Amino acid sequence: MPFDVRRFDIYRKVPKDLTQPTYTGAFISILCCVFILFLFLSELTGFIATEIVNELYVDDPDKDSGGKIEVSLNITLPNLHCDLVGLDIQDEMGRHEVGHIENSMKIPLNQGAGCRFEGEFIINKVPGNFHISTHSASAQPQNPDMTHFIHKLAFGDKLQMHQEKGAFNALGGADRLASNPLASHDYILKIVPTVYEDLSGKQKFSYQYTVANKEYVAYSHTGRIVPAIWFRYDLSPITVKYTERRQPFYRFITTICAIVGGTFTVAGIIDSCIFTASEAWKKIQIGKMS
């Protein structure tokens with residue numbers, strides 16, 4: 001007797017003359033197709049889109065930076081002349097720079113009465129501060145007005161993150177225009193190193209930060225101290241890493257198979273129950289008539 005490979009067919013075929021189409025079955029089949037299409041498109045959208053996975057660890061992520069951090073500052077002082085505005089930088093490594101001017105620009109406002117300071121500079125990865133003051137001016141004003149509006153204060157590379165929120169420009173939009181003109185402002189920053197790795201494995205190094213602030217008029221034994229806008233910073237040892245990931249293709253195929261198979265199985269059970277109940281009801285009606 002020749003070997004018949006058809007014995008291994010687990011998908012046995014039922015002759016068409018033994019099957020019976022019904023309106024209920026057609027209706028359920030159409031609903032199944034619509035439902036499968038909806039789930040398929042949902043899964044396809046999720047497969048094409050990327051997800052952002054974050055993790056925390058203790059490390060200095062950007063070791064190639066030489067222990068430096070890039071800072072971008074944009075601030076408006078509407079009542080202080082540009083000749084008086086200066087940036088001073090100091091830290092615990094002994095750096096003390098008064099009137100930093102490299103990569104900075106001062107734009108006169110209000111017919112020269114005010115100033116907008118835009119600058120990019122480097123700080124060391126140690127606790128320190130940078131501040132806007134009149135310390136570098138050749139002649140100190142009697143009553144400098146330190147009311148201000150901060151447009152931007154950011155550290156490191158600029159990141160374009162749509163799925164994750166972060167405090168990369170926590171002071172952006174800080175409005176101190178209604179504060180005491182003679183008051184100093186202290187912004188205490190806790191800087192958190194942040195790494196963003198895209199699908200290609202390319203990394204960008206940025207920094208988020210939290211901020212607390214206070215406003216005060218300072219005095220010493222010689223009288224009132226010249227006000228300034230202080231940004232005092234310290235670095236957190238914890239690094240935040242964001243990684244772009246996409247769902248594996250095999251998982252997408254597995255999900256699609258589960259959707260199609262599961263939907264048709266459930267629909268077949270529902271159709272079978274409805275058909276069985278309908279046939280039983282017909283038999284009851286025939287029994288009553290006879």
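Everything numeric in this text was worked out from a predicted model, so none of it was measured.

(A) Up close: the packing of aromatic side chains. Taken as a whole and assessed by the stated rule, the structure comprises nine aromatic pairs. Centroid distance Phe121 to Phe130: 5.1 Å. Interplanar angle 70 degrees. Geometry classified as edge-to-face. You'll find Phe121 and Phe130 in the same group, each marked buried. Ring-pair connections join several aromatic residues into one group, and the members of that group are Phe121, Phe130, Tyr187, Phe231 and Tyr233. A cation over an aromatic ring shows up here: Lys214 above the ring of Tyr216, its NZ or CZ 5.4 Å from the ring centre. Note that Arg232 overlies the ring of Trp230, its terminal NZ or CZ placed 4.3 Å from the centroid.

(B) The arrangement of the state of the cysteines in detail. Throughout the structure, instances matching the rule amount to one disulfide. The disulfide partner of Cys82 is Cys115, and the gap between their sulfur atoms is 2.3 Å. Classification of the bridge connecting Cys82 and Cys115 rests on its S-S torsion, roughly 100 degrees, and on that basis the disulfide is right-handed. Of this pair, Cys82 sits in the loop between strand S2 (68-77) and strand S3 (86-91) while Cys115 is found in strand S6 (residues 114-124), placing the two residues 33 residues apart along the sequence. Each member of the pair, Cys82 as well as Cys115, carries the same accessibility label: buried. Cys257 takes part in no disulfide bond, and the closest cysteine sulfur to it belongs to Cys33, at a distance of 16 Å. Exposure remark for Cys257: the relative accessible area of 52% places this residue in the exposed category. Counting only cysteine sulfurs, Cys32 is the nearest neighbor of Cys273, a cysteine outside any disulfide, at a range of 14 Å. For Cys273, a relative accessible area of 48% puts it in the partly exposed group.

(C) Looking closely at the layout of surface pockets. If you add up the space inside the largest pocket, you get close to 430 Å³. Lining of the largest pocket is provided by 20 residues; of these, Ser72, Lys152, Ala154, Gly156 and Lys158 occupy positions nearest its centre. Within the residue set of the lining of the largest pocket, elements represented by two or more residues are S2, S6 and strand S8 (149-156). The residue inventory of the lining of the largest pocket, partitioned by class, reads seven nonpolar, six polar and seven charged.

(D) The arrangement of the domain arrangement of the protein chain in detail. Segmenting the protein chain into domains produces domain 1 (22-51 + 246-280) and domain 2 (59-237). Relative to domain 2, the C-alpha centre of domain 1 lies at a distance of 57 Å.

(E) Local environment of a nonpolar patch on the surface. Taken together, the side chains of Leu37, Phe40 and Leu41 make up a nonpolar region of the molecular surface, amounting to roughly 260 Å² of accessible area. With respect to the helices and strands, the residue Phe40 is situated in helix H1 (residues 23-48).

(F) Focus on the nonpolar core. Counting residues in each nonpolar core, the largest one holds 33 residues, and the members touching the most others are Phe130, Leu153, Phe155 and Phe231. Listed by contribution, the elements that provide at least two residues to this core are S2, S3, S6, strand S7 (128-133), S8, strand S10 (184-197), strand S11 (203-216) and strand S14 (229-235). In terms of residues, this core owes the most to one element, S2, which gives five residues. Excluding anything up to four places from it in sequence, Phe130 contacts Val71, Leu87, Asp88, Ile89, Phe121, Ile123, Leu153, Phe155, Ile229, Trp230, Phe231 and Tyr233. Counting residues in each nonpolar core, the second largest holds seven residues, with Ile52, Leu159, Tyr196 and Tyr242 among its members.

(G) The arrangement of the pairing of S11 in detail. With two bridges connecting them, S8 and S11 associate as antiparallel partners. Bridge pairing links Phe155 to Tyr207 in S11. Here S10 runs beside S11; their pairing, made up of 14 bridges, is antiparallel. Paired with Lys190 across the bridge in S11 is Thr210. Once S10 ends, the chain turns through five residues before running back antiparallel as S11, passing Gly201 with a positive phi of about 90 degrees.

(H) Just the UniProt feature "transmembrane region" (unreviewed entry) in the protein chain, in detail. The sites that UniProt annotates as "transmembrane region" (unreviewed entry) are residues 20-41 and 249-270. Counting secondary structure, residues 20-41 comes out at 86% helix and 0% strand; the distance between its end C-alpha atoms is 32 Å.

Conventions adopted
- Residues numbered from 1 in each chain as written.
- Predicted model: local features only at pLDDT ≥ 70, side-chain atom pairs only at ≥ 80, totals over all residues.
- Heavy atoms only, no water.
- Phe/Tyr/Trp six-rings, centres within 6.5 Å; stacked < 30°, edge-to-face > 60°.
- Buried < 20%, exposed > 50% of the residue type's maximum accessible area, 1.4 Å probe, protein only.
- Lys NZ or Arg CZ within 6 Å of the ring centre and 35° of its normal.
- Disulfide = S-S within 2.5 Å.
- Helix = DSSP H or I, 4+ residues; strand = E, 2+ residues; numbered from the N terminus.
- 1 Å grid on protein atoms, 1.4 Å probe; cavity = no way out; pocket = protein on both sides within 12 Å on 5 of 7 lines; lining within 4 Å.
- Points joined across faces, edges and corners; volume = space filled by probe spheres on them.
- Nonpolar A, V, L, I, M, F, W, Y, C, P; charged D, E, K, R; others polar.
- Domains from an automatic or database assignment.
- Patch = residues over 30% accessible without salt bridge, like charges linked within 9 Å, V, L, I, M, F, W, Y side chains within 5 Å.
- Areas by Shrake-Rupley, 256 points an atom, 1.4 Å probe, with all protein chains shown as cover.
- Salt bridge = Lys/Arg side-chain N within 4 Å of Asp/Glu carboxyl O.
- Core = buried A, V, L, I, M, F, W, Y, C linked by side-chain atoms within 4.5 Å.
- Contact = heavy atoms within 4.5 Å.
- Pairing = 2+ DSSP bridges.
- UniProt positions renumbered as here; feature names shortened; annotations may be inferred.

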